[in-house]
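# Coordinate analysis (summary)
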Amino acid sequence: MSKTALFPGSFDPITLGHESIIRRALPLFDEIIIAIGINSEKKYYFPLEKRKAWIEQVFAKEPRIKVISYHGLTVDLCKKINADYILRGLRTSADFEFERGIAQMNKAMLDRLETVFILSTPELSAINSTIVRDILKHGGDVSAFVPSGIQLK
Ligand code: ADP
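Residues numbered from 1 in each chain as written. Predicted model: local features only at pLDDT ≥ 70, side-chain atom pairs only at ≥ 80, totals over all residues. Heavy atoms only, no water.

### Considering the environment of Lys42
Our working definition: Going along the chain from the N terminus, every DSSP run of H or I of four or more residues is numbered as a helix, and every run of E of two or more is numbered as a strand. Here the term buried applies to any residue with accessible area under 20% of the maximum for its type, exposed to any over 50%, and partly exposed to those in between, with areas from a 1.4 Å probe on protein chains only. Counted as a polar contact is a pair of N or O atoms within 3.5 Å, where, for protein atoms, one must be capable of donating a hydrogen and the other of accepting one, and residues adjacent in sequence contribute only when both atoms are in side chains.
With respect to the helices, strands and loops of the structure, Lys42 is situated in the loop between strand S2 (31-38) and helix H2 (48-58). Among the residues examined, Lys42 registers a relative accessible area of 43% and is labelled partly exposed. Within the structure, the side chain of Lys42 is placed 3.2 Å from the side chain of Ser10, a separation counted as a polar contact.

So this is what it looks like as structure tokens:
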């Protein structure tokens, strides 16, 4: 049976932290679906089309990685696409506390679902999309924090 993992997030924008987690997880699964969640109550900095295109560009040479977007519950998407695993990255103990609740609730809703956590490498653990957006808003250079080749405009 093929092992499909879903990597849900906002990716507003994708960072080196996201890229690293996905590349490190790839040997564990047959396929990773990067799923950009659309929450109508949330304001995003970059439009969905751009966020999706940048991720597709980063993983263009990797046929086992796909990018989709979705509305609604992550567990419902897992049911729909037959994913048994959710992939998440952990940077800090705050991430862990937050992720633990979500993972336990997701498992309560869909028992076959396992959430797999990958610890951030130390040099990438300070990177997050919020800080990247703040730097951009103030005209700073984010090239050290986002995948190479991505033009954030
Ligand atoms: P969300 O809106 O769900 O927080 P994000 O796009 O911010 O989505 O993050 C998606 C996933 O990537 C989360 O599991 C998050 O912990 C992980 N992640 C984000 N930045 C990093 C990083 N620098 N190192 C490791 N994991 C990260």
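### With respect to a nonpolar patch on the surface
Under the convention used in this document: Put simply, a patch holds well-exposed residues, over 30% relative accessible area, that have no salt bridge, with like charges counted together within 9 Å and Val, Leu, Ile, Met, Phe, Trp or Tyr side chains within 5 Å. Using a 1.4 Å probe, accessible areas were evaluated by the Shrake-Rupley method; residue-level cover was limited to the displayed protein chains. Basic side-chain nitrogens of Lys or Arg form a salt bridge, by our definition, when they fall within 4 Å of a carboxyl oxygen of Asp or Glu.
A grouping of Leu73, Met105 and Met109 is seen on the molecular surface, where their side chains present a nonpolar patch of about 310 Å² in accessible area. Tracing the backbone shows Leu73 in the loop between strand S3 (65-71) and helix H3 (74-81).

### Structural notes on the pairing of strand S4 (residues 85-90)
Test applied: For two strands to be treated as a pair, DSSP must find no fewer than two bridges joining them. With its strands directed away from the observer, a crossover is right-handed exactly when the path from the first strand over the helix to the second travels clockwise.
In the sheet, strand S1 (residues 4-9) pairs with S4 via two bridges, with the strands oriented parallel. Its bridge partner lying in S4, Ala5 is registered against Tyr85. As paired elements, S4 and strand S5 (residues 114-119) share six bridges and run parallel to each other. Bridge pairing in S5 places Tyr85 opposite Glu114. For the crossover that starts at S4, traverses helix H4 (residues 93-109) and ends in the parallel S5, the hand is right-handed.

### A look at the pattern of salt bridges
All told, the structure shown has 14 salt bridges when counted by the stated rule. A salt bridge links Glu19 to Arg23, with the shortest nitrogen-to-oxygen separation between them at 2.9 Å. Pair noted here: Glu19 and Arg23 are both in helix H1 (residues 16-25), with a separation of four residues, about one helical turn. A salt bridge links Glu114 to Lys107, with the shortest nitrogen-to-oxygen separation between them at 3.1 Å. Judged by relative accessible area, Lys107 falls into the partly exposed class, the value being 28%. Within the structure, one salt-bridge network assembled from shared partners comprises Asp12, Arg51 and Arg133.

Nothing here speaks to function; it is geometry throughout.
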